[in-house]
Amino acid sequence: MDRVLAAGLETWIETQIRSDLPDDATEARVAALPDARENLPTLAARYRRSGGISREARAAGYIPPDAEQGTDAYREGTQRFMRERGLQNIRALLPTLLDAKLLRAVHAQNQLREVLADLWFNHFNVTARGGNLHRALVYDRDAIRPHVLAPLRTLLGATARHPAMLHYLDNAKSRAAEGTPTPVGRAGRGGGINENYGRELLELHTLGVDGGYTEADVAAAARAFTGWTVWPYDNPRQEQRWTRRLGRMPGVVREGMFVFRPDWHDASAKTLLGERLPAGRGMDEGERVLDLLAAHPSTARHLATTFAVRFVADDPPDAIVDHLADAFRASGGDTREVLRALVQHRAFWDAATVADGQPGKVKTPFELVVSALRATGAEIVRARALYDVLEAMGEPIYHCEPPTGFPDHASAWINPGLLLTRMQFGLRLATGGFRGIRVRLGALADGPPPASPAEALAAYGRALLPGRDLGPTADVLEEMVLARDVAARVDRAAEQTPSADATEADMDAPRRRSRRQNRRETDPTPSVDSGVVVGVLLGSPAFQRQ
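Below: a short report on this structure. (Residues numbered from 1 in each chain as written. Predicted model: local features only at pLDDT ≥ 70, side-chain atom pairs only at ≥ 80, totals over all residues. Heavy atoms only, no water.)

Things to note about the overall build of the chain
So, point 1. Helix and strand counts for the chain come out as 27 helices and eleven strands.
So, point 2. Here the C-alpha atoms of the chain give a radius of gyration of 27 Å, agreeing with the 24 Å that 2.2 N^0.38 yields for 546 residues.
So, point 3. Each of the 546 residues in the chain was classed as buried or not, and the buried ones make up 52%.
So, point 4. In the chain, the proportion of contacts linking residues at least 24 apart, taken out of those at least 6 apart, comes to 73%.
So, point 5. Carbon and sulfur atoms provide 49% of the accessible area of the chain, an area that totals close to 24800 Å².
So, point 6. Of the charged side chains in the chain, 69 are positive and 70 negative; the average position of the first set lies 6 Å away from that of the second. (Helix = DSSP H or I, 4+ residues; strand = E, 2+ residues; numbered from the N terminus. Rg over C-alpha atoms; globule rule 2.2 N^0.38 Å. Buried < 20%, exposed > 50% of the residue type's maximum accessible area, 1.4 Å probe, protein only. Contact = heavy atoms within 4.5 Å. Areas by Shrake-Rupley, 256 points an atom, 1.4 Å probe, with all protein chains shown as cover. Lys, Arg positive; Asp, Glu negative; His and termini not counted. Charge placed at Lys NZ, Arg CZ, Asp CG, Glu CD.)

So this is what it looks like as structure tokens:
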């Protein structure tokens, strides 16, 4: 806050939009994570799924032919094979993927860049589940993060070509049907067009579900991207075959692990959104489709809505959506210009006090965890326990299976069970309940230590929620601070509370016992437990809002 005031608000905002603050220390920590900078073939060779490793170990003679799965001989043979070949289970790569995101989100000075990295990954979602973990790591690192402040067209190109997206939405195996004209003759047997990427490109990445496209447009987009595939980096025999075949073929494009195969491309004429794409084209046809979509008015409105929902309200006013759409069109989809237009609009600032003096937006689980860690000055030594917390709250980062990504509206994150889980997290964090996470509560309150729970709530409330009024929940929070074993009570309530639709008022669930009963269960001269006070504040309705 002092730095913002010293620089001036407009200067600070522009610094965030330019994203030019030094984050060398944070990036050095990320770079030191195991295999954080490795390329996709190296990661795929080193980190493997357990079933595949065991099959290779048996084929290589490390597991006796008669050894059954789960026996000592089976396990010992697999482990010896892994040690000697330098292999690891693919889940061993998970801490690198998740720690990189958490370290940057918690410690980065370029805070807006981290918000956008989360927004764009959800917009162009892929999942890290199963064997996709290594692809998701490289996708976030190489396709999303370098372009979070770039024009949309740049992001479209980076995601469309990346192996993670090509595999996730099945375009890697999308081929012109047998007999279809290609740039190098007729398509052979084994072809078949997959429309998954073409559909999500129109519905999610660009035009939006109401963007005015038809099923014929989906089919045309899918045909335009036939032949956009992935080099078989994890299959040596297939790699040899591709090398022989494609080495003599005109029109092949290979960039890293991306490959355009002309013999798989449907080169017949197409019509997309009213524009005719003539026959005989190759990879440039897909590029032309991305150009058309990036410049389309429906895309401007869809992306404007995405930004308005993220930064203003779950149901943003039409006025700010129109304002952002105009900025999008005028700038050619430049993210920086859209952000400048955002902070110039009154609705952006009004959103900070729209809900009884509180921000209108509710934090997603990831935002809650990160904001709590930042607000308490937490030091992350080991983040593993936080993955489980995020999963319990419903947002296991990088593991959203639908292409929609995680939702950005309160109804997805607010019900009695999830609210209590959030409160559990706040109490556990502030009372030192996470191994590998250190919080510094002493630095939160100015002046001498608070002498009473009421003073502590006021002092820590000013530090954690500057400018916000705890309002009608202040008495409830004080009762919670006074009550014995509040953390245990919240744990029991969380176990007994069914998941159901609810409002923010459900945050008051621990108050259901009478005021008289609470008073009997408190000390006559209560002491101040800073951890409990801070934990209760982190679980309060005010802290749940952005």
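Regarding the packing of aromatic side chains
Remark: the centre distance and the inter-plane angle together describe each pair of aromatic rings, the angle taken between the planes.
So, point 1. On inspection of all chains with the given rule, the structure shows 14 aromatic pairs.
So, point 2. Relative to Phe434, the ring of Phe425 lies with its centre 5.9 Å away and its plane at 45°, an arrangement referred to as tilted.
So, point 3. On the basis of relative accessibility, which here comes to 3%, the residue Phe434 falls in the buried class.
So, point 4. Aromatic rings pair up to connect Trp120, Phe124, Phe307 and Phe311 into one cluster.
So, point 5. Just above the ring of Trp242 sits the side chain of Arg261; from NZ or CZ to the centre is 4.6 Å. (Phe/Tyr/Trp six-rings, centres within 6.5 Å; stacked < 30°, edge-to-face > 60°. Lys NZ or Arg CZ within 6 Å of the ring centre and 35° of its normal.)

Overview of the pattern of salt bridges
So, point 1. A complete count under the given rule lists 36 salt bridges for this structure.
So, point 2. The shortest N-O distance in the salt bridge between Glu275 and Arg288 comes to 3.0 Å. Separated by 13 residues along the polypeptide, Glu275 in strand 9 (residues 275-277) and Arg288 in helix 15 (residues 283-294) bring together distant segments of the chain.
So, point 3. Relative accessible area serves as the criterion here: at 26%, Glu275 is assigned to the partly exposed category.
So, point 4. The closest approach of N and O atoms between Arg329 and Asp326, which form a salt bridge, is 2.5 Å. Separated by three residues within a single helix, Arg329 and Asp326 lie in helix 17 (residues 318-331), roughly one turn from each other. (Salt bridge = Lys/Arg side-chain N within 4 Å of Asp/Glu carboxyl O.)

Brief notes about empty space enclosed by the protein
So, point 1. Per the stated rule, a full pass over the model turns up four cavities of 30 Å³ or more.
So, point 2. Put simply, the largest cavity is a space of about 130 Å³.
So, point 3. Lining the largest cavity we find 13 residues, and of these Val30, Ala100, Arg104, Leu137 and Arg141 sit closest to its centre.
So, point 4. Counting only elements with at least two residues in the lining of the largest cavity, the list comes to helix 7 (94-107) and helix 9 (133-144).
So, point 5. For the lining of the largest cavity, the element with the highest residue contribution is helix 7, accounting for five residues. (1 Å grid on protein atoms, 1.4 Å probe; cavity = no way out; pocket = protein on both sides within 12 Å on 5 of 7 lines; lining within 4 Å. Points joined across faces, edges and corners; volume = space filled by probe spheres on them.)

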